[in-house]
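Read off the chains here:
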Amino acid sequence: MNERIKLILFLFLISLGFYAIRAIIISSTFKPVPLSPAVSYFPAPFGKIIGCDGDPLLFNHLSYNVYLDIKYAKVISTLKGWKYPEIVYNALSFFGIDPDERLLSKIKKGIGGVEIGTIPKEEMLTIPSKYRDFLNITDVYGLSLPSTPAKIFVKAISKEYSKFIQPKRKGEVVYGRLGPYKLYSDVKKIVEPIGGDSILTDVDSRIQSFAYNEAKRVVETNNASGAQIIISNPQTGAIIAMVSTWPWNAPVMNIFEPGSTVKPLVFAAALQDGVVSTSTKFATPFFIPSPNVPLVIRDAETHPWPIDLRQALVYSSDVAEMNIAHNYMAKYGKKAFYNWFLKFGFGSKTGVDLPDEVKGLLLPPNKWYSIGGVEMSIGQGIAVTGIQLITALNSIANGGYWIKPHVVNEIISPSGTVVYRYAKEEKKIFDDKTVKTIKDFMVDVVRYGTGKRAKINGVVVGGKTGTAQKPLNGKISKEGPFFSLFYGFFPAEDPIYSILVVVDQPSNGKYYGGDVAAPVFHDIGEYIVNLEGYPNRLKSEKRVFLPTVFPNLKGLTLNESLQLLKNLSIPASKISFSGNGVVISQNPPPYTPLLKVKNVKIYLGSSF
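Below you will find a few notes about this structure. (Residues numbered from 1 in each chain as written. Predicted model: local features only at pLDDT ≥ 70, side-chain atom pairs only at ≥ 80, totals over all residues. Heavy atoms only, no water.)

## Some details on the pairing of strand S22 (residues 600-605)
Note the threshold: Any two strands between which DSSP finds at least two bridges are classified as paired. The numbering of helices and of strands both runs from the N terminus, where a helix is a DSSP run of H or I of at least 4 residues and a strand a run of E of at least 2.
Bridging between strand S20 (residues 575-578) and S22 involves four bridges; their strand directions are parallel. Across the sheet, residue Ser576 finds its bridge partner in S22, namely Lys601. Two elements, strand S21 (residues 582-587) and S22, share five bridges in a ladder whose sense is antiparallel. Bridge assignment links Ser585 to a residue of S22, and that residue is Tyr603.

## What to know about the environment of Val66
Short version of the rule: Burial classes follow relative accessibility: with a 1.4 Å probe on protein chains only, a residue under 20% of its type's maximum area counts as buried, one over 50% as exposed, and anything between as partly exposed. Throughout, a residue-residue contact means that at least one pair of heavy atoms, one from each residue, lies within 4.5 Å.
For Val66, the position within the fold is in strand S3 (residues 56-69). Since its relative accessible area comes to 0%, Val66 is described here as buried. What Val66 contacts, discounting residues up to four positions off in sequence, is Glu115, Ile116, Gly117, Ile119, Met124, Leu135, Asn136 and Ile137.

## Here we look at the packing of aromatic side chains
Note the following rule: Two aromatic rings, drawn from Phe, Tyr or Trp (for Trp, its six-membered ring), form a pair once their centres lie within 6.5 Å of each other, and the interplanar angle then sorts them: stacked below 30 degrees, edge-to-face above 60, tilted otherwise. Should the NZ of a Lys or the CZ of an Arg lie within 6 Å of a ring centre and within 35 degrees of the ring normal, that charge is described as sitting over the ring.
The tally for this structure, following the rule as stated, stands at 23 aromatic pairs. Look at Phe344 and Phe430: their rings are 6.3 Å apart centre to centre, the planes differ by 40 degrees, and that puts the pair in the tilted class. Of this pair, Phe344 sits in the loop between helix H14 (334-343) and helix H15 (386-397) while Phe430 sits in the loop between strand S16 (426-428) and helix H16 (432-447); the two residues are 86 residues apart in sequence, bridging distant segments of the chain. Using a relative accessible area of 2% as the deciding quantity, one classes Phe344 as buried. On the accessibility criterion, Phe430 (1% relative accessible area) is buried. Taken together through their ring pairs, the aromatic side chains of Tyr328, Tyr332, Phe337, Trp340, Phe341, Phe344, Phe346 and Phe430 make up a single cluster. One residue, Lys343, lies across the ring of Trp340, its end atom 4.2 Å from the ring centre. Just above the ring of Trp402 sits the side chain of Lys427; from NZ or CZ to the centre is 4.7 Å.

## Digging into unusual backbone geometry
A cis geometry characterises the amide bond from Tyr84 onward to Pro85, with omega recorded as 15 degrees. Within the secondary structure, Pro85 is located in the loop between helix H2 (70-80) and helix H3 (86-94). Geometrically, the link from Phe490 to Pro491 is a cis peptide bond, its omega value of -15 degrees lying close to zero. Here Pro491 shows up in the loop between strand S18 (482-490) and strand S19 (497-504). We note that Asn223 has phi near 50 degrees; this positive angle belongs to a residue other than glycine.

## Structural notes on the nonpolar core
Note the following rule: Residues grouped as a nonpolar core are buried Ala, Val, Leu, Ile, Met, Phe, Trp, Tyr and Cys residues, joined through side-chain atoms within 4.5 Å.
Among the nonpolar cores identified, the biggest contains 85 residues, and Phe337, Phe341, Phe344, Phe346, Leu354, Val407 and Phe430 are the most heavily contacted of them. If near-sequence neighbours (up to four positions away) are discounted, Phe430 is found in contact with Leu265, Ala268, Ala269, Gln272, Trp340, Phe344, Ser395, Ile396, Gly399, Gly400 and Val435. Formed by 35 residues, the second largest nonpolar core is a distinct cluster that contains Val218, Val446, Phe486 and Val520.

Here you go:
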């Protein structure tokens, strides 16, 4: 080996040793500098609004927020040999965006970007791959309202409970980073997203859909301005369906004169306070409210005279009703008569858990017209909402109680915690004897009187028709227009359904409540009666199954329980049971988070 090669090798070894020693010194003296962690977010779902059978009424849908990065499009075009700015113009054209002067200037300079908007999940696949290279895409949950039959109602519920259904926390993946090149290291932390709460209701999507179609049909058939329908459980105040043909939730926002539908309430007040009895007779076929007013009241339909109290309601006699109101105020005074309307809940909001409720119109005695308030007994001179009217009339059906109406029963967090549970609010306004009498009268209204077209085969129905004049340009005329109304309940012996139908301004010749609104009640009632599980549906314990919590198995058979647990991916090896019959108790209790469920014990026995 010549001397020159030896020298080169020697110098190489010296250099290698130098750098080795330098590396040891650096590595022992200096450590990598940690930088702030990098965070990647992913969305949390909204809460669900759930109907009586566990059917979701409000849906999550996964969409994508898309942003076109102009600056990056210019850079990547250079790298990939694309023509710039043509590639950006083509991308904007694909998304249907026609750039204005300001955007054209940004594209020319190659700066900034443009918000494309939210794109549904299914449309993402149609975006050409070359455009995706300069798009910033962020996944996000949005809300999908149901089809038209429930859209207005569910939208109102979601507005009222928006703070509950909103996602609570985004998900996060936290990475470590090291300088100076901000290199990603391992995942430091994963934060699971927390979605919105689940809203549990008594809303029946099938009944809602059928009622909506009936409302549309009655409007079209009668050339009406609109219609609203409310279906409730009079025993609990729960709203089963709420329909509006207007683009707003009319049952809590529209007001109207209730007409003769208030007569059962006035009858009950007068009967309870001893102003009339079941043997009271009305002999004169006319009534003059005030000697100072040239007005003579006669009944709309002819019938024999004299009539008793039952016949007065069956024939919907205005003459009898005004006589009752006059005699009541003569005995107890105007304030006492007015106070009954306050007890009915008129003139104030019901407090139903829906937004934008109005309080209607109920004038105090010092603002009554010259005929002295007797017109209130036939539903004139006052204005109510649909929710006020059905709540008041439900007091006859349910045994004498004004019960605060409600939509939501429970709110459950994603972890299974009960955030809210409805507590029944009720006031006893009529005694049992009074209610039984008036309820019997209302059954005869449907059997023999103005409500005959509301009959349901095989079911005893009670109800009351109403026809109210509608103000037009501030004036009321006997020629109309009118509101056509019907309120009814069934089965009459123990009502679990009540329905209010209000048709606004029918214009095809018919306008009486018995001709226009009562048949709608019949059709809806017949549909409900023919549903599977009638009449015990509303009496049975409500059971909603959520994917994140352990269900309530009480009352289910063993096979039903095992199938349900299988659907929740709980293995059979973790389930034990004893006894025979249906589930009478369980461990863990309902709404326990599934993540905490280790073993399941089911105890079976008699349901009685």
